[in-house]
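Read off the chains here:
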Amino acid sequence: MEVKVLGPGCAKCKSTYKAVEKVISDNNLDVKLTKVEDIMEMMNYNIMTTPAVVVDEVVKIKGHVPSESEIKEALGI
Amino acid sequence: MIQDFADWLVYGIFGLSADSSLGTAVNFFFYDTIKILILLFFISILMGIINAYFPIERLRRYLQTHKMYGLQYLLAVIFGAITPFCSCSSIPLFIGFVKGGIPLGVTFAFLITSPLVNEVAVAMFLGSFGLRVTLIYVISGILLGVIGGFVLGRLRLTPYLSDWVKQIQANSSAQADEWEKDHTPFIKRLPTIVHDALGIVRGVLLYILIGIGIGAFMHGFVPEGFFEQYMAKDNWFAVPLSVILAVPMYANAAGIVPVIEVFVAKGIPIGTAIAFMMAVVGLSLPEATLLKKVMTWKLIGIFFGTVAFFIILSGYLFNFIL
């Protein structure tokens, strides 16, 4: 599974990245987690609000810092 | 009620005198902090609820599919006002609008009002100046977006967009993605909304404390009418000067309003204060650097210049009518 956190580097984006990272390590998931900070790349996902969480190229969460249960749901666990 | 609590705490428990400068300063600090935090929490929840049902994608779709005869500016601006604004979202929003074929003027209208009218600014104004001034602020923030957006829309600014944005605009399609309706029941959304509201309060808490701290100090120690001699109403250059001074200042609404409150209490005209406030939150250098990714400097200059012009105008207007 491949997970991307999209956000230009504001506080909300950073806490989203940390939250996703935590869920992945807590559950020992085999996930490739990357952070996308480049606006042009970000816009390919057609989002209008950041931060966003993309799982296998599908936008699952956008516009707010997700809770742990929300992240789990997006990751399908 | 909050005043009673602050009186009890400061004069009763701390044993400070109500007549001393220190006593009034500390009392002001506690009273304002508690009041503003409560207001901010509830306004954030309210905006969170509205947002859950009217996400920005819905606005874009609506703008694409309806002919609105000028009302689109107003709609974009009202949406800008209720959307919790995070400066880093301004670029994705801008591109999202351009991509959807929304006219540049309407996009600018949204961009002008979104940072000006937000939950933090409204809560701070309500707590510091009361309902009347808050309404004036919100309505002028909305009008500013509508008029500014309309004027900018007339100026044919497309050539001044960055090249890649021009490309996006050329490929834009009015055929928007279907707006996906989210059927999550309200009761399941509420925890997220409350969580977000707490996040907003936590995020600005430090600025509020610093701002109110400075305000409280000035409130207690700066004499009444102190600023009047420098920034009186008949001083015609006071408004433009405060707007120009405000642009390089990047304080969020949370930090700046309590200070402005005291400025007004000590003799600065309210119109000048509102103009200053709008310029601080609406026009900031960090925002300009972000916008550089989608616009040329010339366009950023035109954008800021137009907004500053209308802010100055409204400052004069308020000094005249209030």
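Values in this document were obtained by computation on a predicted structure and should not be read as measured data. (Residues numbered from 1 in each chain as written. Chains lettered and ligands numbered in written order. Predicted model: local features only at pLDDT ≥ 70, side-chain atom pairs only at ≥ 80, totals over all residues. Heavy atoms only, no water.)

Tell me about the overall build of chain A, residues and numbers included.
Counting secondary structure elements, chain A contains three helices and four strands. Mapped from its N terminus to its C terminus, chain A presents α and β elements in the order β-α-β-α-β-β-α. Relative to the compact-globule value of 11 Å for 77 residues, chain A shows a C-alpha radius of gyration of 11 Å, a close match. Seen along its three principal axes, the alpha-carbon backbone of chain A occupies a region of about 30 × 25 × 15 Å. Across the 77 residues in chain A, those meeting the buried criterion constitute 45%. Considering only contacts in chain A between residues 6 or more positions apart, those separated by 24 or more positions represent 63%. Element-wise, carbon and sulfur atoms account for 47% of the exposed surface of chain A, whose accessible area totals about 3800 Å². (Helix = DSSP H or I, 4+ residues; strand = E, 2+ residues; numbered from the N terminus. Rg over C-alpha atoms; globule rule 2.2 N^0.38 Å. Buried < 20%, exposed > 50% of the residue type's maximum accessible area, 1.4 Å probe, protein only. Contact = heavy atoms within 4.5 Å. Areas by Shrake-Rupley, 256 points an atom, 1.4 Å probe, with all protein chains shown as cover.)

I'd love a proper account of the packing of aromatic side chains, names of residues and values included.
All names here are of chain B. Tallied over the entire structure, the rule returns 12 aromatic pairs over all chains. Geometrically, the ring pair formed by F94 and F108 is edge-to-face, given 6.1 Å between the ring centres and 65° between the ring planes. Taken together, the positions of F94 in helix α5 (residues 90-99) and F108 in helix α6 (residues 104-116) put the pair 14 residues apart, joining distant regions of the chain. Each ring, one from F125 and one from Y137, has its centre 4.3 Å from the other, and the planes form 15°; the classification is stacked. One end of the pair, F125, is in helix α7 (residues 119-129); the other, Y137, is in helix α8 (residues 131-154), and 12 residues separate them in sequence. (Phe/Tyr/Trp six-rings, centres within 6.5 Å; stacked < 30°, edge-to-face > 60°.)

Any chance you could break down the interface of chain A and chain B for me, citing the residues and the numbers?
Taken residue by residue, the interface counts 16 residues in chain A and 18 residues in chain B. Summed over both partners, the interface of chain A with chain B comes to about 1600 Å²; 67% of that surface belongs to carbon and sulfur atoms. Three residues, A:I39, A:M43 and A:M48, lead the burial of chain A against chain B; their summed loss comes to 44% of the area buried on that side. Where chain A meets chain B, there are one salt bridge. Where B:E57 meets A:K62, a salt bridge forms, and the shortest distance between an N and an O atom there is 3.2 Å. Where chain A packs against chain B, one counts two residue pairs in polar contact (both at pLDDT 80 or more). Broken down by element, the side of chain A that touches chain B gets its largest block of residues, three residues, from helix α2 (residues 39-43) of chain A. Residues belonging to the side of chain A that touches chain B are distributed by class as follows: nine nonpolar, four polar and three charged. (Buried area = accessible area lost by both parts, 1.4 Å probe. Salt bridge = Lys/Arg side-chain N within 4 Å of Asp/Glu carboxyl O. Polar contact = N/O pair within 3.5 Å; in protein donor to acceptor, adjacent residues only side chain to side chain. Nonpolar A, V, L, I, M, F, W, Y, C, P; charged D, E, K, R; others polar.)

So what about the nonpolar core? Which residues, and what values?
Residues B:F94, B:Y137 and B:M295 are the most contacted members of the largest nonpolar core, which totals 97 residues. Once residues lying within four places of it in the same chain are set aside, the contact partners of B:Y137 are B:L116, B:A121, B:F125, B:I274, B:M277, B:M278 and B:V281. In this structure, A:V23, A:V53, A:V55 and A:L75 belong to the second largest nonpolar core, which totals 14 residues. (Core = buried A, V, L, I, M, F, W, Y, C linked by side-chain atoms within 4.5 Å.)

Tell me about the side chain of B:T107, residues and numbers included.
Residue and element names in this part refer to chain B. For T107, the location among the structural elements is in helix α6. Residue class for T107 comes out buried when judged on its relative accessible area of 2%. Beyond its immediate chain neighbours, meaning those up to four positions away, T107 contacts F94, F97 and I102.

With reference to specific residues and values, describe helix α3 (residues 56-65) of chain B.
Three or more residues of α3(B) are buried, namely B:I56, B:E57, B:L59, B:R60, B:L63 and B:Q64. Buried residues in α3(B), looked at end-on, bunch into an arc of 160°, giving them a common side. Close packing links the buried residues of α3(B) with β4 (58-62) of chain A together with α4 (71-82), α5 and α6 of chain B. (Arc of directions from axis to C-beta.)

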